[in-house]
Amino acid sequence: MDMSFSEWVQGMVEAGMKNFTPTVERDEDAHELREQRNDLRQELEATRTRVRELETALYQGEREAIAEYVENNPGVEYSEIVQHLMNSTPERVSRQLDVLEGERVQRDGDTFYPTEGDE
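These remarks concern the structure in this document. All of these numbers come straight from a predicted model, not from anything done at the bench.

**Comments concerning the side chain of Thr 115**
As for its placement among the helices and strands, Thr 115 is situated in the segment after strand E2 (111–114). One polar contact links the side chain of Thr 115 to the main-chain carbonyl oxygen of Glu 103, over a distance of 3.5 Å. If near-sequence neighbours (up to four positions away) are discounted, Thr 115 is found in contact with Gly 102, Glu 103, Arg 104, Val 105 and Gln 106.

**Concerning helix H3 (residues 78–100)**
When the terminal C-alpha atoms of H3 are compared, their 31 Å separation across 23 residues agrees well with the 33 Å that a helix rising 1.5 Å per residue should span. Roughly 45 degrees is the biggest bend found in H3, and it falls at Ser 88, with proline Pro 90 one to four residues downstream. For H3, every residue scored as buried is listed here: Ile 81, Leu 85, Ser 88 and Arg 92. Where H3 ends, the next residue or the one after it, Gly 102, has phi of about 90 degrees, a positive value.

**Some remarks on the packing of aromatic side chains**
Summed over all chains, the structure comprises one aromatic pair. Judged by centre distance (6.0 Å) and plane angle (25 degrees), the rings of Phe 5 and Trp 8 are stacked. Here Trp 8 and Phe 5 lie together in helix H1 (residues 5–17), a separation of three residues that amounts to about one turn. When its relative accessible area of 65% is taken as the criterion, Phe 5 is described as exposed. The class of Trp 8 is partly exposed, set by a relative accessible area of 34%.

**Considering the environment of Glu 45**
Relative to the helices and strands, Glu 45 is located in helix H2 (residues 30–72). Measuring from C-alpha to C-alpha, the distance between Glu 45 and Ala 65 comes to 30 Å, with 20 residues separating the pair along the chain. There is a polar contact of 3.2 Å between the side chain of Glu 45 and the side chain of Arg 52.

**Quick look at the pattern of salt bridges**
If you walk through the whole model with that rule in mind, you get two salt bridges. Close ionic contact of Arg 50 with Glu 53 constitutes a salt bridge, the shortest N to O distance being 3.9 Å. Taken as a pair, Arg 50 and Glu 53 lie in helix H2 at a separation of three residues, close to a single helical turn. Given a relative accessible area of 44%, Glu 53 falls into the partly exposed group.

**Re H1**
With 13 residues, H1 extends 18 Å between its outermost C-alpha atoms, agreeing within 8% with the 18 Å of an ideal straight helix rising 1.5 Å per residue. Once H1 finishes, Asn 19 follows within two positions and takes phi at roughly 55 degrees, a positive value.

**Quick word on the environment of Pro 114**
As for its placement among the helices and strands, Pro 114 is situated in strand E2. The spacing of Pro 114 and Arg 104 is 10 residues in sequence and 5.9 Å in space, taken between C-alpha atoms.

Definitions and cut-offs
- Residues numbered from 1 in each chain as written.
- Predicted model: local features only at pLDDT ≥ 70, side-chain atom pairs only at ≥ 80, totals over all residues.
- Heavy atoms only, no water.
- Helix = DSSP H or I, 4+ residues; strand = E, 2+ residues; numbered from the N terminus.
- Polar contact = N/O pair within 3.5 Å; in protein donor to acceptor, adjacent residues only side chain to side chain.
- Contact = heavy atoms within 4.5 Å.
- Expected span 1.5 Å × (residues − 1).
- Bend = angle between axes of the 7 residues up to and from the residue.
- Buried < 20%, exposed > 50% of the residue type's maximum accessible area, 1.4 Å probe, protein only.
- Phe/Tyr/Trp six-rings, centres within 6.5 Å; stacked < 30°, edge-to-face > 60°.
- Salt bridge = Lys/Arg side-chain N within 4 Å of Asp/Glu carboxyl O.

Okay, here's the thing in C-alpha cells:
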C-alpha cells in the first residue's frame, strides 16, 4: 500500500474510529497471474537456453583449438599448448569480430562500437 507498517496501523486506527470499512480489490485475477507466470517461465527458459548455447560456443571454440593442436602435435607439452593459444588469440578474436560485425558491433577503422540499439 506504499506505506510503512506504522503508517498503515495509524491509518487503520483512524479508519476504525471513523467506522470506515477498508476493501481491497485485486489488481489481477488468478488466471491473469498464471498467464504472467507462464510467460515469465517461458522467457526464463529461452534465456537459459541461449546462455547454454553461448557457453557451448565459447567453450567448444577453445576446446576445439586445443584438440586440433594436440591432434596435429601428438605428445605436445602443456606449456606449448598455452603458447599456441596465446599466439592464436588474435586470429580467433578476428573470426569472432567478423561474425559480430554488423550484428552486434560496428567497425570504424581500427575501433569498434556497439551497433545502434545495443547501447
